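Given next are the chains, with one letter for each unit.
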Amino acid sequence: MTSLAADRLGACFATLRKEGQAAMIAFITAGDPDHDTSLSLLCGLPRAGVDVIELGMPFTDPVADGPAIEAANLRALKNGANMVRTLDLVRHFRRNDDTTPIILMGYFNPIYAYGAEKFVADAAASGVDGFIVVDLPLEEIAELENPANTAGLNVVRLATPTTDDARLETVLAGAKGFVYYVAIAGITGSASADAKSVDIAVTRIRRHTNLPIAVGFGIRTPEQAAAIARVADATVVGSAIVSKLEQNLDDQGMARPELVDQVMELVSALASGVRQARSAAAE
Amino acid sequence: MNASRPNTFVDGPDVDGHFGIYGGRYVAETLMPLVLELERVYAEVREDREFWREFDDYLAHYVGRPSPLYHAEPLSDRLGGAKIYFKRDELNHTGAHKINNCIGQIMLALRMGKKRIIAETGAGQHGVATATVAARFGLPCVIYMGAKDIERQKPNVFRMRLLGAEIVTVTSGSETLKDAMNEALRDWVANVEDTFYIIGTAAGPHPYPRLVRDFQSVIGRETRAQMNEREGRLPDSLVACIGGGSNAIGLFHPFLDDQTIDIYGVEAAGRGLESGAHAASLTAGRPGVLHGNRTYLLQNEDGQIKEAHSISAGLDYPGIGPEHSWLYDTGRVKYVTATDNEALSAFQLCCKTEGIIPALEPAHALAFVIRHAPTLPKDHLLVMNMCGRGDKDIFTVADALGVTL
């Protein structure tokens, strides 16, 4: 099935492939620290060099996330974030940007509470391109994937260091958009991914799929982002960005005036790391 | 609700771990291979007589089973209705039913070659039971416990340390059982190769709800045999408190297909259902997905999990085991509630009339018995699961009664 949504993600990776570049994927939590600041951050990401945006859907119990992203989830919820407002952010963003793909990332319960079919339809209408739902493994994914397929949206499949070859085959059969390789067995923002083992894993995954492979978890610095960009099709950075945001909150947990600029500075550095990775490797 | 009444209530879960629409395996991909491996090993174990012989042997000589089925005559006389029996699981080693499950799970851990045990705990009973079996079987053990619960359950924290467990204080979220479970899941995903997670209740990803139920069903099987011996027939009704619901499913499961038996699960109504400060997931929640399974949850309209409240730390959880959700929808088990105050009154009545200090968890079951038994005839046989003893709760009760110790 072709649709505008599928095209945004497909077009993005196709362009980068033509340029010989890897994608810079940045994660922020919707509504963190508040709705308006979050919208400014979201709108600033493409200018800072971000190719694909992962927008976290806040949840009270983000068990796959470490302290930084958990705190971001709770801050956003405290300041009024919810699923409707998350889609509002995407709709606002799309007024000025109809090319940068947005993937919603989070946990299944808020989607289930909204109604999976209705949520997928509303997300598609808001300009969302796909979903990553960390507590929907292959065994449970149909509940979201069936309505998403109907709407032409991607549900990104995840592979991890514990996914063996036999399982990889079934996980990747029917995968759409791109494959997300979780570089470490653990939670977001913990141990650093080591580029050599990521290289081996990516090579293993490529035997099972032609889709672009994004790598995330444990990537914090421009150097690490660059090292991953040399071996994978996309580098995902989340906790480091969210931590930078947190460092720019005042005592009341509100955004300081320089917050957006500070975060964009880090994102730009990460994005140039990714951008220069392959040209540097070629020299 | 939407589930039709099946011909049998004992053949669940299905191959994918579902009881009706509940259960399942809602975990990160990193954990899936291990969850599937556990399922494979458990399927093997179910057919392995030697495993169950060894399990029964530990239950007999280490835990102290069978636990007595005791006729609570003074209480029965006082209430003037049903003939009340207590299934005395509070007499087990470590003082609650939790140990039954821990023995079974650590045997699985050893069989799978795991080198390290983790667990979550609320009241500390499951933490103590886990630390106990970890000590007995020689595996290092890390217990996750909310900061609030550490504060209100100090004796159990010290017990766990004496038993050699490392206690990790959880300061995220509401700092109670739900958050302790989040942290245990985070540990598990980072140490999946060598670590076995001993889940304390009949919840979590498949096959946990099933295997916890199977290990706890010794309670109901003993009750059947003991009641037949004492009264020459089966009981007329069963009552148990419900947090996650492991003591309840353990008592109920062997009786689910005896459809003339009335079965009651008692949820914690905290300060009253209308106050919003309670832990009654079935009575006041909606189906959702948390901690590996689909089940009834306390949540807001956006699917955000609400904090639970109960005077009993063991019932203070916003979810419930998936099999209970299914038994609720099908109507096989009736779920009722008891408030903090009702539980406190029942606690005191039990001390004074029976000479038994109950845990605050079964005090909720007893509160319902106090309401319900007088409406029943004298030849009605009622069994209540006295699933834990109250030594751990004396500080909480003293505080609630305004007594300084």
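Here goes a summary of the coordinates provided. (Residues numbered from 1 in each chain as written. Chains lettered and ligands numbered in written order. Predicted model: local features only at pLDDT ≥ 70, side-chain atom pairs only at ≥ 80, totals over all residues. Heavy atoms only, no water.)

**Focus: the overall build of chain B**
Then step 1. Within chain B, the secondary structure is distributed over 16 helices and 14 strands.
Then step 2. Taking 2.2 N^0.38 as the reference for a compact globule, 405 residues should give roughly 22 Å; the C-alpha atoms of chain B span a radius of gyration of 19 Å, in line with that estimate.
Then step 3. The principal-axis extent of the C-alpha atoms belonging to chain B is close to 55 × 50 × 45 Å.
Then step 4. The buried share of chain B, reckoned over its 405 residues, is 66%. (Helix = DSSP H or I, 4+ residues; strand = E, 2+ residues; numbered from the N terminus. Rg over C-alpha atoms; globule rule 2.2 N^0.38 Å. Buried < 20%, exposed > 50% of the residue type's maximum accessible area, 1.4 Å probe, protein only.)

**Some remarks on the interface of chain B and chain A**
Then step 1. Contacts between chain B and chain A engage 37 residues on the former and 35 residues on the latter.
Then step 2. Taken together, the two surfaces of chain B and chain A that pack against each other cover about 2,700 Å², and 51% of this comes from carbon and sulfur.
Then step 3. One can count 4 salt bridges joining chain B with chain A.
Then step 4. The interface formed by chain B and chain A holds 21 residue pairs in polar contact (both at pLDDT 80 or more) in total.
Then step 5. For the side of chain B that touches chain A, the secondary-structure elements that each account for two or more residues are strand 2 (22-26), helix 1 (32-46), helix 8 (177-190), strand 11 (286-290) and strand 12 (292-297) of chain B.
Then step 6. Sort the elements by how many residues they give to the side of chain B that touches chain A and helix 8 of chain B lands first, with 7 residues.
Then step 7. Across the side of chain B that touches chain A, the residue classes break down as 16 nonpolar, 11 polar and 10 charged. (Contact = heavy atoms within 4.5 Å. Buried area = accessible area lost by both parts, 1.4 Å probe. Salt bridge = Lys/Arg side-chain N within 4 Å of Asp/Glu carboxyl O. Polar contact = N/O pair within 3.5 Å; in protein donor to acceptor, adjacent residues only side chain to side chain. Nonpolar A, V, L, I, M, F, W, Y, C, P; charged D, E, K, R; others polar.)

**Quick look at unusual backbone geometry**
Then step 1. The omega torsion of the bond from G12 of chain B to P13 of chain B falls at 0°, within 30 degrees of zero and hence cis.
Then step 2. Its place among the elements puts P13 of chain B in the segment before strand 1 (18-19).
Then step 3. In this structure, F217 of chain A is a non-glycine residue whose phi angle is positive, near 85°.
Then step 4. Mapped onto the secondary structure, F217 of chain A falls in the loop between strand 8 (213-216) and helix 10 (222-231).
Then step 5. With a phi close to 75°, T94 of chain B is a non-glycine residue in the positive phi region.

**Re the nonpolar core**
Then step 1. Ranked by internal contacts, the top residues of the largest apolar core, which has 123 residues, are F178 and Y180 of chain A together with L108 of chain B.
Then step 2. Here this core spans two domains, since at least three of its residues come from each of domain 1 (18-57 + 98-212) and domain 2 (66-96 + 217-400) of chain B. (Core = buried A, V, L, I, M, F, W, Y, C linked by side-chain atoms within 4.5 Å. Domains from an automatic or database assignment.)

**Considering the packing of helix 2 (residues 35-44) of chain A against helix 4 (residues 83-96) of chain A**
All names here are of chain A.
Then step 1. Two numbers describe how helix 2 lies on helix 4: the axes approach to 10 Å, and their chain directions differ by 40°. Taken together, the axes of helix 2 and helix 4 are oblique relative to one another. Like other packed secondary-structure pairs, helix 2 and helix 4 cross with a definite hand, here right-handed. Contacts between helix 2 and helix 4 involve H35, S38, L39, L42 and C43 from the former and R85, D88, L89, H92 and F93 from the latter.
Then step 2. Partitioned by chemical class, the residues of the contact of helix 2 with helix 4 number 5 nonpolar, 3 polar and 2 charged. (Axes fitted to C-alpha atoms, helices over the stretch in contact; angles between N-to-C directions. Parallel < 35°, antiparallel > 145°, perpendicular 65-115°, else oblique. Left-handed = near helix turned anticlockwise from the far one by under 90°.)

**Some words on the state of the cysteines**
Then step 1. Inspection of every chain in the model, using the stated rule, returns 0 disulfides over all chains.
Then step 2. C12 of chain A provides the cysteine sulfur closest to C43 of chain A, a residue in no disulfide bond, and the two sulfurs are 17 Å apart.
Then step 3. For C43 of chain A, a relative accessible area of 29% corresponds to the partly exposed category.
Then step 4. Unpaired in terms of disulfides, C241 of chain B finds its nearest cysteine sulfur in C387 of chain B, a separation of 3.8 Å.
Then step 5. Overall, C241 of chain B belongs to the buried group, its relative accessible area being 2%. (Disulfide = S-S within 2.5 Å.)

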